Amino acid sequence: MATRDPDGPRSPRQAAAPQAPAPSPDAPRTRHPTRPSAVRTPAHAAHAHALALAHALSAAERGLAVLPLSRTKLPALRSPHRADPAARPCHGECGLPGHGVYDATRDPVRVRRLFAAAPWATGYGIACGLPPYHLIGVDLDTKNGADPLRALRDLAVRHLFALPPTIVVRTPSGGRHLWLTGPPDVVVPNSAGRLAPGIDIRGTGGYLVGPGSRTAHGVYTTAPGTAALPPAPCPRPLLRLLLPPAPVRQPRTAGAGRGSGVGAHGRGLVRFVLDAHPGQRNTRLFWAACRAYEDGLGPRLADALAAAAVHAGLTAREARSTVASAERLTRGRGRERERG
């Protein structure tokens, strides 16, 4: 499963599978073999929606932030800003639903409202990286001939870690989602195939399809014996593999940072983003922006980081949105530390 664009399905009509035309009264009553998931009547759709809502409320009660998904595994609600391509990036500040993973909530009242606004939703997503679990999803995808389970075992042998018992979710394609937790002060980025072919990581800004969700390809289920387990802490050696390499911090010299006011560390963060390859540009930008705001350089470095990301291949809007996400995340964590 890949991280999805938070724009959601294009319309409620597209979120439901097309209905077969009514047969002629004179036509022979021949039963045609079809997949059960392809048969979508209003009653079936309403039942799937009710089940998804029930599962989502149960997850929210456990402290997991959830959002409704369509049968395509995309967020069920479309962006309210889709008609205005020049609109500033918004992650829910407008107060309206339709911002993908940023809609995710643990509040049962808000969960019901989101599902009421998306009656075509047949599944739910679980946002990663949020308190109290700071969930990390290890997605073992068996498509394209990959053997991600063997690859993960090889990584465990090479880097000397063992996977603890934890929640495991089976996907319709035969894959597995392993639920792990991360430290509250560590941002784990999303990645696809970076560890090994078929191993995707869902971290901050990503989501996992929740067990009980019904998609166009089948139902996500919890592996036997794991439903009652809490998400287990991510082993430290594996956590180190999930984080992007830190930029080299050069020693400060007299006159370092003159003119820019950010010093060698700030220039290193910008270079870290400039050197990003396709598939890691957004991840590197988000990581660098988080470090900049944590170190008090955010306001001075934000424009330079966004410009570096544009030079590396992101659009200006994507770059601004990612930097803004990093700012909100670090400020939120700062407020949590102050309250604690």
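Right above here is the structure, for reference.
So, here's what we can say about the structure. (Residues numbered from 1 in each chain as written. Predicted model: local features only at pLDDT ≥ 70, side-chain atom pairs only at ≥ 80, totals over all residues. Heavy atoms only, no water.)

**Re empty space enclosed by the protein**
In plain terms, the rule: Cavities and pockets were defined on a 1 Å grid built from protein atoms only: a cavity is a group of points that admits a 1.4 Å probe but offers it no way out, a pocket is an open group of points flanked by protein on both sides within 12 Å along at least five of seven lines, and a lining residue is one with an atom within 4 Å of any such point. Grid points are joined across faces, edges and corners, and a volume is the space filled by probe spheres set on the points. Each residue receives one of three labels: charged for Asp, Glu, Lys and Arg, nonpolar for Ala, Val, Leu, Ile, Met, Phe, Trp, Tyr, Cys and Pro, and polar for the others, Gly being one of them.
A full pass over the atoms with the stated rule returns 2 cavities of 30 Å³ or more. The wall of the largest cavity is formed by 11 residues, among which G129, H134, V186, V188 and T204 lie closest to the centre. Broken down by class, the residue content of the lining of the largest cavity amounts to 5 nonpolar, 5 polar and 1 charged. If you add up the space inside the second largest cavity, you get close to 50 Å³. Taken together, G63, L64, A65, A127, L130, P131, P132, Y133, H134 and L135 form the lining of the second largest cavity.

**Thoughts on the nonpolar core**
How we decide: Within this scheme, the nonpolar core is defined by two criteria: the residues are buried Ala, Val, Leu, Ile, Met, Phe, Trp, Tyr or Cys, and they are joined through side-chain atoms within 4.5 Å. The buried label goes to any residue with under 20% of its type's maximum accessible area, the exposed label to any with over 50%, and the partly exposed label to all in between, with areas taken from a 1.4 Å probe on protein chains only. The way it works is that DSSP assigns letters per residue, a run of H or I at least four long becomes a helix, a run of E at least two long becomes a strand, and they are numbered from the N terminus. The criterion used for residue contact is that any of the two residues' heavy atoms lie within 4.5 Å.
Counting 33 residues, the largest nonpolar core has V66, V111, F115, Y124, I126 and W179 as the members making the most contacts within it. Looking at this core, the elements that each hand over two or more residues are α2 (42-61), β1 (66-69), α3 (108-117), β2 (123-127) and β8 (207-209). Top element by residues in this core is α2. It accounts for 6 residues. Setting aside chain neighbours within four positions, we find I126 in contact with L64, A65, V66, L67, L135, W179, G206, Y207, L208, G210 and P211.

**Thoughts on the packing of aromatic side chains**
Note the cut-off: Ring pairs shown here join Phe, Tyr and Trp side chains whose ring centres sit within 6.5 Å, with only the six-membered ring taken for Trp; geometry is labelled stacked below 30 degrees between planes, edge-to-face above 60, and tilted in between. Throughout this description, the term charge over a ring refers to an Arg CZ or Lys NZ atom that lies within 6 Å of the ring centre and within 35 degrees of the ring normal.
Considering all chains together, one arrives at 1 aromatic pair under this definition. Taking NZ or CZ as reference, R291 lies 4.9 Å from the ring centre of W287, over its face.

**Let's talk about the side chain of R291**
Let me state the cut-off plainly: Whenever two N or O atoms come within 3.5 Å, that pair is a polar contact, provided that in protein one can donate a hydrogen and the other can accept it, and provided that, for residues adjacent in sequence, both atoms are side-chain atoms.
Residue placement: R291 occurs in helix α7 (residues 281-294). Of the polar contacts made by the side chain of R291, one reaches the side chain of E294; its length is 2.9 Å. Discounting residues that sit within four places of it in the chain, R291 has contacts with V187 and L269.

**Description of the pattern of salt bridges**
Definition in use: We define a salt bridge as a side-chain nitrogen of Lys or Arg found within 4 Å of a carboxyl oxygen belonging to Asp or Glu.
Inspection of the entire model under this criterion finds 4 salt bridges. Here E93 ties to R328 by a salt bridge, and the two come within 2.9 Å at their closest N and O atoms. A residue pair is termed long-range when its members are at least 10 positions apart, and E93 in the loop between β1 and α3 and R328 in helix α9 (residues 316-339) qualify at 235 residues. Classification of E93 by relative accessible area gives partly exposed; the value is 49%.

**Considering the sheet that holds β2**
Note the following rule: When DSSP finds two or more bridges between a pair of strands, those strands are recorded as paired. Helix axes are fitted only over the stretch in contact, all axes being lines through C-alpha atoms; the angle between N-to-C directions runs from 0 to 180 degrees.
Pairing in this open sheet of 3 strands is antiparallel, and the strands run β1-β2-β8 from one edge to the other. Here the strands that pair on one side only, and so sit at the sheet edges, are β1 and β8. Within this sheet the neighbouring strands show an average axis-to-axis angle of 35°, counted without direction. Strand direction decides the pairing type here: β1 and β2, joined by 4 bridges, are antiparallel. Its bridge partner being in β2, L67 is matched across the sheet by G125. Across the sheet, α2 is in contact with β1 and β2; its angle to β2 comes to roughly 20°. Packing against the sheet, α3 makes contact with β1 and β2, and its axis sits at approximately 10° to β1.

**Quick word on the pairing of strand β3 (residues 135-140)**
For β3, a buried count of 6 out of 6 residues is recorded, marking the element as mostly surrounded by other parts of the structure. Alternating residues of β3 divide into L135, G137 and D139 and I136, V138 and L140, and every residue in both groups is buried. Here β3 pairs with strand β5 (residues 176-181) via 6 bridges, running antiparallel. Within the sheet, the bridge partner assigned to D139 lies in β5 and is H177. Note that β3 and strand β7 (residues 199-202) share 4 bridges and pair antiparallel. Of the residues in β7, the one forming a bridge with V138 is I201.

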